[in-house]
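Descriptive analysis of the structure
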Amino acid sequence: MICISQSDDPYVNEFKLNGKSVDEIYPDLTGRQGDSGVNITNAKSLHQNANIAFMGDIKGGSFNICGDLARKWLLLPTNPNGRPNSDVLKPWINGLDITRRSSDQWIVDFGFDMTKSEAALYESPFQHILEHVKPEWEQQREKNRRNHWWLHHNPRPKMWHALSEYKRYIATPCTSKHRLFVWFDIDVCPSNALIAFARDDDTTFGILHSRFHKIWSLRTGSSLEDRPRYTHTTTFNTFPFPERLSPNVPANDYQDDPHARAIASAARHLVELRNRWMNPPEYVMWINEPVAGYPLRVVPKNQDVAKELKKRTLTNLYNRQPQWLIDAHAQLDEAVANAYGWSNQINDDQVLRNLLSLNRNRSKG
């Protein structure tokens with residue numbers, strides 16, 4: 001809870017923000033005390049960042065199923081239309097799949113405009129939706145949804161169009177204690193609890209996971225209780241990337257840039273270390289799904305290690321902050337700072353001032 005008060009003396013221009021004296025309170029309920037504090041509420045969306053970050057799919061009903069049922073349907077013979085159930089089945093992820101471990105959920109997805117007659121040809125998935133989703137929507141007032149109950153409430157066609165040119169994409173939870181970024185295969189459907197980024201290069205990943213983007217996101221996002229919330233419209237769309245490394249620049253155009261290469265190398269190193277910690281090869285096996293076209297699935301080698309793996313989550317890792325993780329992020333932050341032409345030792349206020357200045361300059365173009 002934020003507490004704001006003002007001096008009772010009409011001749012004293014003094015405010016208190018959560019018990020601390022400040023000279024000015026900004027619209028985002030942060031404050032300035034002397035030279036400390038930056039008002040970034042007037043940061044503008046940048047055209048360089050347009051159509052990259054998207055809130056994930058809003059399913060609007062019980063379209064998600066357990067992995068065992070999905071695999072059973074994948075093994076069924078082709079449907080009366082001659083097509084396999086893999087056409088309409090995808091692994092499904094939400095925020096907990098990033099902050100904890102995979103819940104092995106899948107989703108039935110009939111796309112954006114498939115007719116009911118076309119969907120019905122995928123017999124088992126359609127029957128499931130008929131039994132579990134249609135009754136939910138029959139109770140709703142929204143006529144369009146009642147008439148299209150087999151389709152997701154908002155399947156995000158613009159997001160899928162943007163992702164379609166890649167084999168993987170970046171995702172972050174909308175709400176989490178730590179600002180985490182991970183890779184997902186293009187065949188995995190992100191829920192609306194995630195923000196998906198239509199980029200597949202390690203340089204963009206590294207910039208997003210840097211200290212500088214984290215500082216910006218904490219000030220331009222919102223919060224839910226004690227968990228920062230990433231709002232891509234105010235956070236990503238306003239964030240100025242280093243010169244020549246903006247999201248509107250194809251990754252191939254900067255693959256030989258020394259700053260881009262240093263960031264990409266540090267980002268890959270971070271991801272490799274995290275992945276090995278979360279899924280030690282002594283503990284897990286990577287297996288294929290019943291049909292081709294899906295990412296490998298990680299399974300524990302036995303029940304004893306399965307218990308240990310439950311503790312190996314990104315949240316627990318970032319709570320612990322082992323030295324190797326600190327070192328990997330420091331290496332990444334140094335590479336990103338060099339790309340901006342800054343010292344990695346600058347304080348948070350100066351980071352915000354620098355980023356706000358870049359935002360203002362680029363928003364004029």
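Here, every reference points to the structure presented above.
Residues numbered from 1 in each chain as written. Predicted model: local features only at pLDDT ≥ 70, side-chain atom pairs only at ≥ 80, totals over all residues. Heavy atoms only, no water.

**Structural notes on helix H4 (residues 123-132)**
All of the buried residues in H4 are Pro125, Phe126, His128 and Ile129. Angularly, the buried residues of H4 cover 155° about the axis, an arc narrow enough to put them on a single face. Against the buried residues of H4 lie strand E7 (64-66), helix H1 (67-74), strand E9 (105-108), helix H3 (116-120) and helix H5 (134-137). (Buried < 20%, exposed > 50% of the residue type's maximum accessible area, 1.4 Å probe, protein only. Helix = DSSP H or I, 4+ residues; strand = E, 2+ residues; numbered from the N terminus. Arc of directions from axis to C-beta. Contact = heavy atoms within 4.5 Å.)

**Looking at the packing of aromatic side chains**
Tallied over the full model, the rule gives 16 aromatic pairs. Aromatic side chains Phe212 and Trp342 sit 5.7 Å apart centroid to centroid with 80° between the ring planes, which places their arrangement in the edge-to-face category. Note that Phe212 is positioned in helix H9 (residues 211-220) and Trp342 in the loop between helix H13 (323-340) and helix H14 (348-363), a separation of 130 residues in sequence. Assessed through its relative accessible area of 0%, Phe212 is described here as buried. Members of the aromatic cluster, joined through ring pairs, are Phe181, Phe197, Trp216, Tyr230, Phe236, Phe239 and Phe241. Against the face of Trp160 rests Lys90, its NZ or CZ located 3.9 Å from the ring centre. (Phe/Tyr/Trp six-rings, centres within 6.5 Å; stacked < 30°, edge-to-face > 60°. Lys NZ or Arg CZ within 6 Å of the ring centre and 35° of its normal.)

**A closer look at the sheet that holds strand E12 (residues 189-190)**
Pairing within the open sheet is mixed, and its four strands lie in the order E7-E9-E8-E12. Each edge of the sheet is formed by a strand with only one pairing partner; in this case those strands are E7 and E12. Note: E7 against E9, three bridges, orientation antiparallel. Within the sheet, the bridge partner assigned to Asn64 lies in E9 and is Ile107. Each of E7, strand E8 (89-93) and E9 is contacted by H1, which is oriented at about 90° to E7, the strand it contacts most. (Pairing = 2+ DSSP bridges. Axes fitted to C-alpha atoms, helices over the stretch in contact; angles between N-to-C directions.)

**Comments concerning the pairing of E8**
Within E8, five of the five residues are buried, which leaves it mostly tucked inside the rest of the structure. Sheet analysis places E8 next to E9, joined by four bridges and oriented antiparallel. Of the residues in E9, the one forming a bridge with Lys90 is Ile107. One ladder, built from two bridges, connects E8 with E12; its direction is parallel. Looking across to E12, one finds that Trp92 is bridged to Cys189.

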